[in-house]
Amino acid sequence: MDALKSMLSPLGVGSANAIQDTLKLVVIGGTVETARRASAGAWHTFLDSFFLTAHFSQEDYPYDWLMHWLSKQPAWGRSREFEITTRTVGRNGLTQSTTGDLEEEDEDEDEDALVHGRRKRKVAFMPSIDTTHTIYYRGHWLRITRTKRYPDYGHGSALKISVIARNNDILKKLVLEAKREYEKDAEHRVHIFMADTTYGCWRWNGARQKRPMSSIVLQPGVKDMLLADCKDFLCSEDWYAERGIPFRRGYLLHGVPGSGKTSLIHSLAGELGLDIYVVSLSSKGMSDNTLTTLMGHVPSRCILLLEDLDAAFTRSVSRDASSTGAPTTSNTNSTTTETNDGSTLSLSGLLNSLDGVAAAEGRLLFATTNHIERLDPALSRPGRMDVWVNFTHATKWQAEGIFKCFFPSKPAGASAASPSEELSKDVDTSQKNLPLPKRKAPSHTIPVLDETEISELAKRFADSIPENELSVAALQGYLLKNKVRPRECVDEVAQVIEERETREKLKKEKAEREAKEKKETEEKERKEKEEKVAKEQEEKDVKEKTERKERAKTKKAHRAEAALKLEGASSSTTSLTTTEPVVVLSTSESSSSESDSSNGGIEADTEESITSEEEPDKAADSTGSGDSGVKDSNHSKEKWVAVKADS
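No experiment lies behind these values; they were computed from the predicted model shown.

Criteria and thresholds
Residues numbered from 1 in each chain as written. Predicted model: local features only at pLDDT ≥ 70, side-chain atom pairs only at ≥ 80, totals over all residues. Heavy atoms only, no water. Helix = DSSP H or I, 4+ residues; strand = E, 2+ residues; numbered from the N terminus. Buried < 20%, exposed > 50% of the residue type's maximum accessible area, 1.4 Å probe, protein only. Contact = heavy atoms within 4.5 Å. Areas by Shrake-Rupley, 256 points an atom, 1.4 Å probe, with all protein chains shown as cover. Salt bridge = Lys/Arg side-chain N within 4 Å of Asp/Glu carboxyl O. Pairing = 2+ DSSP bridges. Axes fitted to C-alpha atoms, helices over the stretch in contact; angles between N-to-C directions. Core = buried A, V, L, I, M, F, W, Y, C linked by side-chain atoms within 4.5 Å. Phe/Tyr/Trp six-rings, centres within 6.5 Å; stacked < 30°, edge-to-face > 60°. Parallel < 35°, antiparallel > 145°, perpendicular 65-115°, else oblique. Left-handed = near helix turned anticlockwise from the far one by under 90°. Nonpolar A, V, L, I, M, F, W, Y, C, P; charged D, E, K, R; others polar. Patch = residues over 30% accessible without salt bridge, like charges linked within 9 Å, V, L, I, M, F, W, Y side chains within 5 Å. Lys, Arg positive; Asp, Glu negative; His and termini not counted. Charge placed at Lys NZ, Arg CZ, Asp CG, Glu CD. 1 Å grid on protein atoms, 1.4 Å probe; cavity = no way out; pocket = protein on both sides within 12 Å on 5 of 7 lines; lining within 4 Å. Points joined across faces, edges and corners; volume = space filled by probe spheres on them. pLDDT = per-residue confidence, 0-100. Arc of directions from axis to C-beta.

Student: Tell me about the overall build of the protein, residues and numbers included.
Tutor: Each helix and strand in the protein was counted, giving 18 helices and 17 strands. Within the protein, the proportion of its 647 residues that are buried is 34%. For the protein, the share of sequence-separated contacts (at least 6 apart) that also reach a separation of at least 24 residues comes to 74%. Approximately 40200 Å² of the protein is accessible, and the part contributed by carbon and sulfur atoms is 53%.

Have a look at this one:
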């Protein structure tokens with residue numbers, strides 16, 4: 001301080017005192033702030049030594065468990081800071097309503113009333129994000145905070161729970177309790193996961209209500225056989241391990257469309273309590289590496305579904321009789337585009353992903369196809385597809401069973417009761433775990449008939465259905481149109497079947513007529529084409545004949561000219577032996593005649609190379625006439641030479 005005063009002394013006494021006071025304040029303030037921060041850090045450290053904190057990510061199941069558990073807590077709905085929303089359905093498909101939800105006064109009277117075709121929306125109060133909420137649980141205060149892991153993308157929520165405790169037993173109890181409540185409420189649903197080829201992972205696609213096994217009507221024994229086989233497999237993990245057999249099981253469901261293949265898988269998943277993982281082999285971006293990665297991330301106990309296996313390697317959406325399953329190659333540009341945008345999965349990659357070294361174990365593989373004959377034998381062999389089930393068109397036995405599923409019956413001799421009471425008494429064993437609907441009885445209630453009458457109506461309905469001609473989906477569609485008219489449904493089915501047969505007959509006749517017309521048109525076009533080709537050939541022959549005649553005339557003229565030149569050459573040679581004065585003239589004439597004859601010979605040889613077989617005779621005639629011409633010319637030349645000599 002003395003040194004500082006000595007330095008500030010030249011500046012003046014007043015200013016030095018002001019600076020000193022300022023420095024004192026700075027030092028004191030810094031000391032206080034440092035002490036505050038140190039004490040706050042020590043306090044937080046002291047508190048953190050007692051707090052246990054657990055973090056939960058939205059990508060994992062515990063986050064869903066805790067969010068479902070928190071939605072039922074009264075304190076969660078009495079939060080001082082909250083969000084108002086109408087979207088109360090979470091990622092797990094369960095309605096997360098809180099005690100603070102806003103409800104209308106008459107909502108209990110007509111809870112599921114429709115407004116312009118939609119259900120009434122409930123206004124829900126949800127605690128806001130980035131806010132700490134306090135909940136009392138089993139003698140402990142829980143501090144819960146919701147955050148966004150990726151705020152820019154609008155997803156990726158996280159949950160942080162802190163509690164003052166000496167160990168983490170309270171957090172374990174909390175998670176287990178949330179898990180039990182979640183599974184209790186979710187036992188009536190089947191969760192569906194879809195393959196995400198972009199990131200090579202599984203995305204939750206929704207939760208579907210379980211379908212009772214009684215609603216699936218197959219041939220006698222098929223449904224029970226499949227259910228027993230699946231249960232036996234899930235309980236035989238140790239048996240497979242002792243014998244060194246891969247713990248995998250495959251089922252191939254093949255047959256006509258609309259026969260209930262996918263519905264059976266949905267029902268089995270609900271009965272076994274398994275989730276369904278769906279893979280679309282023809283989706284964009286699907287490759288061998290992507291499929292292998294997806295198969296490696298499949299849980300040990302689930303149903304892996306491959307739908308329409310016969311169309312996995314087909315670029316086109318149509319599957320006709322001429323389809324071979326190979327990619328179409330219409331042109332180079334379109335093929336390149338389809339290859340880049342579509343699936344690049346190969347058969348070898350599919351086979352390796354199903355039972356290769358990296359293939360998942362403990363899963364039930366279900367594959368569906370409408371054309372089993374198009375599958376490669378390596379894909380459908382035992383070990384990959386162990387059980388085959390054929391689905392055909394509806395039989396009379398199936399028609400009777402479907403009719404009984406649509407229209408419930410009351411036991412004979414039962415007292416009259418309301419429809420709801422009768423339905424609650426007559427419940428199938430597979431429907432015991434299904435949730436009861438919380439809604440008013442509909443105005444168009446289904447009349448509940450006696451068991452005897454329902455059996456009689458079902459028998460009549462089955463007798464009216466042709467054997468193995470209609471699909472199960474077609475029967476279901478007809479029954480849906482008459483879901484509250486069981487008697488009228490049976491009375492009108494014969495007429496509907498007759499109308500359908502008439503339409504099919506007309507459609508068949510139309511197809512035959514179109515095929516006949518097409519055949520006649522093709523025959524007519526073929527004849528016209530043959531006539532056109534014959535006409536063109538005839539014109540071509542006439543043209544060639546005309547050209548041959550013209551060439552023959554041209555050659556004849558050249559030969560006559562060549563003969564005249566040869567005659568001149570011979571006459572000049574004869575005159576050379578007669579008189580001396582003519583020698584000079586004859587010599588010049590002979591030289592010119594020889595050159596002309598040589599040129600004429602060349603031209604004649606050129607023409608001979610392109611003449612036809614008819615020309616030798618003509619050439620002979622022209623040669624004869626040429627010889628006579630030579631004699632006459634020689635005679636006239638000799639006279640001219642004689643006259644020249646006299647002169």
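What follows picks up the thread again.
Student: Describe the pattern of salt bridges, listing the residues and the values that go with them.
Tutor: If you walk through the whole model with that rule in mind, you get 19 salt bridges. A salt bridge links Glu 453 to Arg 487; its shortest N-O distance comes to 2.8 Å. Here Glu 453, found in helix H14 (residues 451–464), pairs with Arg 487, found in helix H16 (residues 486–575); they are 34 residues apart in sequence, far enough to count as distant. Using a relative accessible area of 26% as the deciding quantity, one classes Glu 453 as partly exposed.

Student: Break down the sheet that holds strand S13 (residues 303–306) for me, citing the residues and quoting the values.
Tutor: Backbone hydrogen bonds hold the strands of a sheet together, and the pairing may be parallel or antiparallel. With mixed pairing, the seven strands of this open sheet are ordered in space as S10-S9-S12-S13-S14-S11-S15. Of all the strands in the sheet, just strand S10 (201–209) and strand S15 (387–391) have a single pairing partner and so form its edges. On average, adjacent strands in this sheet sit at an angle of 25° to one another, irrespective of strand direction. In the sheet, strand S12 (residues 276–279) pairs with S13 via four bridges, with the strands oriented parallel. Bridge pairing links Val 279 to Leu 306 in S13.

Student: How would you explain the nonpolar core if you had to name every residue and give the values?
Tutor: With 30 residues, the main nonpolar core has Leu 264, Ile 276, Ile 303, Leu 364 and Phe 366 as its most contacted residues. Listing elements by their share of this core, those giving two or more residues are strand S9 (189–196), helix H6 (222–234), strand S11 (249–255), helix H8 (261–272), S12, S13, strand S14 (364–369) and S15. At six residues, the largest contribution of residues to this core is made by H6. Every residue in contact with Leu 364, bar those within four places of it in the chain, is listed here: Cys 230, Phe 233, Arg 249, Tyr 251, Leu 272, Leu 274, Cys 302, Ile 303 and Leu 304. Judged by nonpolar contacts, the second largest core, of 26 residues, contains Tyr 277, Met 295, Val 298 and Leu 379.

Student: Can you explain the packing of aromatic side chains? Please cite residues and give values.
Tutor: Aromatic ring pairs are defined here through the distance separating the ring centres and the angle between the ring planes. Per the counting criterion, the structure on display carries twelve aromatic pairs. Judged by centre distance (5.1 Å) and plane angle (90°), the rings of Trp 202 and Tyr 277 are edge-to-face. Placement of Trp 202 in strand S10 and of Tyr 277 in strand S12 is noted, with a sequence separation of 75 residues between them. Summarising the aromatic geometry, the rings of Phe 233 and Tyr 240 are spaced 5.6 Å apart at their centres and angled 80° between planes, so their arrangement reads as edge-to-face. No difference in accessibility class separates Phe 233 from Tyr 240, as the two residues are buried. One aromatic cluster is present, formed by Phe 233, Trp 239, Tyr 240 and Phe 247 through successive ring pairs.

Student: For the packing of H6 against H8, give the residues involved together with the corresponding values.
Tutor: If you want to describe how two helices pack, look at the angle between their axes and the distance between the axes. At a minimum axis separation of 11 Å, H6 and H8 run at an interaxial angle of 45°. Classified by the angle between their axes, H6 and H8 sit oblique to one another. With respect to the hand of their crossing, H6 and H8 are arranged in right-handed fashion. Contacts from Leu 226, Leu 227, Cys 230, Lys 231 and Leu 234 of H6 reach H8 at Leu 264, Leu 268, Glu 271 and Leu 272. The class makeup of the residues in the contact of H6 with H8 is seven nonpolar, no polar and two charged.

Student: Talk me through a nonpolar patch on the surface; I want residue IDs and the actual numbers.
Tutor: Nonpolar side chains collect at one region of the surface, where Trp 43, Phe 46, Phe 50 and Ile 164 lie side by side and expose about 430 Å² of accessible area between them. In this fold, Phe 50 is placed in the loop between helix H2 (13–48) and strand S1 (51–57). Residue Phe 50 is classed as partly exposed on the basis of its relative accessible area of 39%.

Student: Would you mind going over the pairing of S9 in detail, with residue names and values included?
Tutor: In the sheet, S9 pairs with S10 via eight bridges, with the strands oriented antiparallel. What sits directly across from Met 194, in S10, is Arg 203.

Student: Provide a residue-level description of a positive patch on the surface, including the pertinent values.
Tutor: Taken together, the side chains of Lys 545, Arg 548, Lys 549, Arg 551 and Lys 553 make up a positively charged region of the molecular surface. Here Lys 549 falls in the exposed class, since its relative accessible area comes to 52%.

Student: Report on empty space enclosed by the protein, specifying residues and quantitative values.
Tutor: In this structure the tally under the stated criterion is three cavities of 30 Å³ or more. Taken as a whole, the second largest cavity holds about 40 Å³ of empty space. Sorting the residues of the lining of the second largest cavity by element identifies S11 and helix H11 (347–355) as the ones contributing at least two each. A breakdown of the residues in the lining of the second largest cavity according to their chemical character gives two nonpolar, two polar and six charged.

Student: Can you break down unusual backbone geometry residue by residue, with the values?
Tutor: Of note in this structure, Asp 130 is not a glycine but carries a positive phi near 60°. By secondary structure assignment, the location of Asp 130 is in the loop between strand S5 (124–127) and strand S6 (132–137). With a relative accessible area of 58%, Asp 130 lands in the exposed category.

Student: An account of the confidence of the model for the protein is requested, with residue identities and associated values reported.
Tutor: Model confidence for the protein is summarised by a mean pLDDT of 74, while 68% of its residues fall at 70 or above. Considering only residues more than four positions removed or in separate chains, one finds that residues 577–647, a stretch of pLDDT under 50, has 51 contacts.

Student: I'd like a rundown of the environment of Ile 276, residues and numbers included.
Tutor: Along the chain, the position of Ile 276 falls in strand S12. Each C-alpha atom of the pair Ile 276 and Ile 303 lies 4.8 Å from the other, and the pair is 27 residues apart in sequence. Every residue in contact with Ile 276, bar those within four places of it in the chain, is listed here: Val 190, His 191, Ile 192, Phe 193, Ile 265, His 266, Ala 269, Ile 303 and Leu 305.

Student: Explain the environment of Gly 356 residue by residue, including any values.
Tutor: Relative to the helices and strands, Gly 356 resides in the loop between H11 and S14. Relative accessible area serves as the criterion here: at 19%, Gly 356 is assigned to the buried category. Leaving out residues up to four positions away in the same chain, Gly 356 has contacts with Arg 248 and Leu 351.

Student: Would you mind going over the packing of helix H9 (residues 288–296) against H11 in detail, with residue names and values included?
Tutor: Running from N to C, H9 and H11 cross one another at 10°; their axes reach a closest spacing of 9 Å. In terms of their interaxial angle, H9 and H11 are classed as roughly parallel. Seen from above, H9 lies across H11 with right-handed handedness. Mapping the contact onto sequence places Asp 288, Leu 291, Thr 292 and Met 295 in H9 and Gly 349, Leu 350, Ser 353 and Leu 354 in H11. Among the residues forming the contact of H9 with H11, the class breakdown is four nonpolar, three polar and one charged.

Student: With reference to specific residues and values, describe a negative patch on the surface.
Tutor: Taken together, the side chains of Glu 536, Glu 538, Glu 539, Asp 541, Glu 544, Glu 547 and Glu 550 present a region of like negative charge at the surface. Position of Glu 538 relative to the elements: it lies in helix H16.

Student: Could you give an account of H9, naming the residues involved and the relevant values?
Tutor: Burial in H9 covers these residues: Thr 290, Leu 291, Leu 294 and Met 295. One side of H9 carries all its buried residues, which in axial view fall inside an arc of 130°.

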